[in-house]
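As a plain string of letters, each chain reads:
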Amino acid sequence: MKRKTQIKPNDVVTEKFFDSLPLIVAEEKAKPAYKCAVCGGESTAEAAEHLCWVCRRLKISAWRDSEQQVTAQE
C-alpha cells in the first residue's frame, strides 16, 4: 500500500494570497450591511424584501402550504 504524499504548507498557501488579504478584508468591510425585516439577521442587498435566507425559506414554505390548502378545499 502506498502512502499519500504529504503536502507542504508552502504549497497550500502562496505569498500572493497573503499579499492580497488586506484587499479582500477591505472589500468585505465596504459592503453595506442589511438587516432582515423579520429577525434582524444578515440579509442580502439584492433582496427587495430584505429577508435573511431562513426567513425567506419560511415564507416560501408557508406560501406553498397555503396554496395546497386552497386546492384541498376545492
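Residues numbered from 1 in each chain as written. Predicted model: local features only at pLDDT ≥ 70, side-chain atom pairs only at ≥ 80, totals over all residues. Heavy atoms only, no water.

**Some words on the overall build of the protein**
Next, step 1: From N to C terminus, the protein includes three helices and two strands.
Next, step 2: Going residue by residue from the N terminus, the α and β elements of the protein occur as α-α-β-β-α.
Next, step 3: Across the 74 residues that make up the protein, the buried fraction comes to 8%. (Helix = DSSP H or I, 4+ residues; strand = E, 2+ residues; numbered from the N terminus. Buried < 20%, exposed > 50% of the residue type's maximum accessible area, 1.4 Å probe, protein only.)

**Quick notes on unusual backbone geometry**
Leaving glycine out, the prevailing phi sign among residues is negative, and the prevailing peptide bond configuration is trans.
Next, step 1: Phi at histidine 50 takes a positive value of approximately 55 degrees, unusual for a residue other than glycine.
Next, step 2: Residue placement: histidine 50 occurs in the loop between strand S2 (42-43) and helix H3 (53-73).
Next, step 3: Overall, the relative accessible area of 26% leaves histidine 50 in the partly exposed class.

**Some points on the pattern of salt bridges**
Next, step 1: Under the definition given, this model contains one salt bridge.
Next, step 2: With a closest N to O distance of 2.3 Å, lysine 59 and glutamate 49 form a salt bridge. A residue pair is termed long-range when its members are at least 10 positions apart, and lysine 59 in helix H3 and glutamate 49 in the loop between S2 and H3 qualify at ten residues.
Next, step 3: Using a relative accessible area of 45% as the deciding quantity, one classes glutamate 49 as partly exposed. (Salt bridge = Lys/Arg side-chain N within 4 Å of Asp/Glu carboxyl O.)

**Side note on the state of the cysteines**
Next, step 1: A full pass over the atoms with the stated rule returns zero disulfides.
Next, step 2: This cysteine, cysteine 39, is not joined by any disulfide, and cysteine 52 carries the nearest cysteine sulfur, 3.6 Å off.
Next, step 3: Residue cysteine 52 is classed as buried on the basis of its relative accessible area of 7%. (Disulfide = S-S within 2.5 Å.)

**Concerning the side chain of serine 43**
Next, step 1: The residue serine 43 is located in strand S2 in this model.
Next, step 2: Filtering out sequence-adjacent residues up to four positions away, serine 43 remains in contact with Tyr34, Lys35, Cys36, His50, Leu51 and Cys52. (Contact = heavy atoms within 4.5 Å.)

**Observations regarding a nonpolar patch on the surface**
Next, step 1: Together, Phe17, Phe18, Leu21, Ile24 and Val25 line one region of the surface with nonpolar side chains, adding up to about 420 Å² of accessible area.
Next, step 2: With respect to the helices, strands and loops of the structure, leucine 21 is situated in helix H2 (residues 15-30).
Next, step 3: Among the residues examined, leucine 21 registers a relative accessible area of 31% and is labelled partly exposed. (Patch = residues over 30% accessible without salt bridge, like charges linked within 9 Å, V, L, I, M, F, W, Y side chains within 5 Å. Areas by Shrake-Rupley, 256 points an atom, 1.4 Å probe, with all protein chains shown as cover.)

**Here's the deal with the confidence of the model for the protein**
Next, step 1: Per-chain confidence: the protein averages 77 in pLDDT, with 74% of residues scoring 70 or above.
Next, step 2: In the model of the protein, helix H1 (residues 9-12) stands out as the element of lowest mean pLDDT, 61, in contrast to strand S1 (residues 34-35), which has the highest, 84. (pLDDT = per-residue confidence, 0-100.)

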